[in-house]
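Residue-level structure breakdown
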Amino acid sequence: MSTTAYDTAYDIAYDWNPQRPSPMPHHRYRPYGERVNVLSPERSWPGNRIERAPLWVPVDLRDGNQALAEPMDTGRKRRFFDLLVSMGFKEIEVGYPSASRADFDFVRDLAALSASGGIPDDVSIVVFTPAKPELIDRTFASIEGLPRAVVHLYIPTSPVWRDVVLGRSRAQVRDVVTEAATHMARLADARPGADIRFQFSPETFNLTEPDYVLELCDGLSELWEAAPDRPVTHNLPATVEIATPNVYADQIEYLHRHLARRESVILSVHPHNDRGTGVACAELAVLAGAQRVEGCLFGNGERTGNVDLVTLALNLYAQGVDPMVDFSDIDAVREVVEHCNQLPVHPRHPYAGDLTHTAFSGTHQDAISKGFAHHARRAAELGVPESEAPWDVPYLPIDPADIGRTYEAVIRVNSQSGKGGMAYLLQTRHGLDLPRRMRPDFSRVVQDATDDSGQEATAKELYELFRATYVAPGQGGGEVELSSWTTDRAPDGAHRFVCTLQVGDRTGDFEGVGNGPLSAFTEALAAAGITVDILDYSEHATGAGGASEAVAYAECRVGDVVRWGAGLDTSVLTASVQAVLAAVNRVGAAR
């Protein structure tokens, strides 16, 4: 829909939207179209699909570290680096050696580690340098002895940075870049035994004229003699987000289509998150031709952060694409990152937050519970373990177990929860499979308790509430107490139940006969003046093995009142008698 058509439709339908102009001075800010010319006449990225992971390059130890109020010390940096290597990252930007002694020394430590075989041969160390000869010298000094390294050259290129920050024209900035790149080439040539590759970032790319970016990148590809076996990386940062992600994708596709020596160029992106759309920018940029993505684990970085590599990689995983890095123990990854950054991961963080797989809503819990049951049946039908069966569970885009999470935190109960959630927790944590007709009744009990407390109910608290509500009334202390009882079966098949009952302040011996022990028990209760009809009954073991308890559930009409009761005992018969007695006493307690 064109802007004109949209405006027309909006005006026609304006009555449904009562919003009015705000007092904020929005006129101070220019739309992106007035700040940069985006050339995308051959847009094809919307029809593309991501079918393989790009090269992920974590910049936590450089870009992320420089954004920390308390930068990492050597120990934390080393722990972070070891984590990244163990996860399978193959290019790791480790620092800005010319900016601080700490960064320089850390790169030297890595050189020593590499010399002793402590870094895999296929891992490349990336170091960052501005376009100044003396700082380039310092950077090359830091990587002495490293067999593989990428030297990352950057300079701001957009008009506002050229005019306000650098005070240089386009030609002057180009000359600075050319001089710096030539110096880098000379230093690399002086180390013929080392595999040193080059990377260039026109910082503030997304605000830079497209023809100027092409001029700079193509010039460096030629100067550095980019070849398929020794490619140059051109990294195009959204240094500060200025537009919707589709605009960034258009900018990337334009460069992808027009870069010289394209087969010898690794096209890289480095999105920030100023508009909160860094992940979308990265994903659309890959659709548009990007082959490499720089970012940080969990999105740390200056201002609102760098793009989050965890979310990006697991978004691909959720689409059936191998992320090419290992997140099978997400909590261990998070623990290291939180320790090293001294920053917590938000509980609602995609995939890794404490609450990301959690459902409190009753309708969500019911859908998830049914989804788990369906998944188990499907795995059985396919003859494969549940961990290998196709995943299709509502509200859970991936199986939490795939990233090292248990199912314990998936369903949690508060006042908004429903019968499905509390039933799931009782079954999975305590072996109680409540009858479906009983679940709404217990749900009301739980909601009353959580409404009163205002707190979440844990699985243990649910179990204790269940016992107090449905089991305890059948185990003594109620209006009706069963002090002793026996049951036997006559030759004709009839069951006899003989018992001593205390009803209020009256105690007596009663007996009843029926076609089963419970029907005989209800006859004994009738003899004591208590009319009981059993409307629903079920029983099961709470676990495997002969020593496990049995649980019985009984829905009874006592007079004209219907109540549920439950019993727990190693004897199924004892549990069933307790369940009926509990229902009777719950009616008495309610009077």
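Thresholds, definitions, all that
- Residues numbered from 1 in each chain as written.
- Predicted model: local features only at pLDDT ≥ 70, side-chain atom pairs only at ≥ 80, totals over all residues.
- Heavy atoms only, no water.
- UniProt positions renumbered as here; feature names shortened; annotations may be inferred.
- Buried < 20%, exposed > 50% of the residue type's maximum accessible area, 1.4 Å probe, protein only.
- Helix = DSSP H or I, 4+ residues; strand = E, 2+ residues; numbered from the N terminus.
- Contact = heavy atoms within 4.5 Å.
- Pairing = 2+ DSSP bridges.
- Axes fitted to C-alpha atoms, helices over the stretch in contact; angles between N-to-C directions.
- Salt bridge = Lys/Arg side-chain N within 4 Å of Asp/Glu carboxyl O.

The name given to the protein in an unreviewed UniProt entry is 2-isopropylmalate synthase, and the organism recorded there is Streptomyces rectiviolaceus. Listed under Function (unreviewed entry) in UniProt, the entry text for the protein is "Catalyzes the condensation of the acetyl group of acetyl-CoA with 3-methyl-2-oxobutanoate (2-ketoisovalerate) to form 3-carboxy-3-hydroxy-4-methylpentanoate (2-isopropylmalate)."

A word on helix 10 (residues 278-287)
Burial runs high along helix 10: 7 of the 10 residues are buried. Those residues of helix 10 that are buried lie in contact with helix 9 (245-258), strand 7 (265-271), strand 8 (292-295) and helix 11 (309-317). Immediately downstream of helix 10, the backbone of Gly289 shows phi near 125 degrees, a positive value.

Concerning the UniProt feature "domain: Pyruvate carboxyltransferase" (unreviewed entry) in the protein
In this structure's numbering, the residues bearing the UniProt feature "domain: Pyruvate carboxyltransferase" (unreviewed entry) are residues 54-331. End C-alpha atoms of residues 54-331 are separated by 24 Å, and the span's content is 44% helix alongside 19% strand.

Describing the environment of Tyr212
The residue Tyr212 is located in helix 8 (residues 210-223) in this model. What makes Tyr212 buried here is its relative accessible area of 0%. Excluding residues that lie within four positions of it along the chain, Tyr212 makes contacts with Thr157, Arg162, Arg170, Val173 and Arg174.

Details of the sheet that holds strand 7
In space, the 8 strands of this open sheet follow the order 1-8-7-6-5-4-3-2, with parallel pairing throughout. Edge positions in the open sheet fall to strand 1 (55-58) and strand 2 (91-95), since each of these has one partner strand only. Here the average twist between neighbouring strands, direction ignored, is 30 degrees. Relative to strand 6 (residues 232-238), strand 5 (residues 195-203) runs parallel, the two being bridged by 2 bridges. Each residue of the ladder has a partner; that of Phe200, found in strand 6, is His234. In the packing of helix 4 (residues 101-115) onto the sheet, contacts are made with strand 2 and strand 3 (124-130), and the angle to strand 2 comes to roughly 140 degrees.

Some remarks on the pattern of salt bridges
Enumeration according to the criterion identifies 34 salt bridges in this entry. A salt bridge links Asp175 to Arg174, with the nearest nitrogen and oxygen atoms 3.8 Å apart. On the basis of relative accessible area, Asp175 is assigned to the partly exposed category, the value being 44%. With a relative accessible area of 32%, Arg174 lands in the partly exposed category. Two residues, Asp536 and Arg437, come together in a salt bridge whose shortest N-O distance is 3.3 Å.

Examining the sheet that holds strand 10 (residues 495-503)
Adjacent strands of a sheet form backbone hydrogen bonds with each other and so pair up, either parallel or antiparallel. The 3 strands are arranged 9-10-11 in an open sheet whose pairing can be described as antiparallel. This sheet does not close on itself; its edge strands, each paired only once, are strand 9 (480-489) and strand 11 (506-514). Each strand axis lies, on average, 15 degrees off the axis of its neighbour in the sheet, ignoring direction. In terms of strand pairing, strand 10 meets strand 11 through 9 bridges, oriented antiparallel. When the sheet's bridge partners are listed, Cys499 is paired in strand 11 with Phe510.

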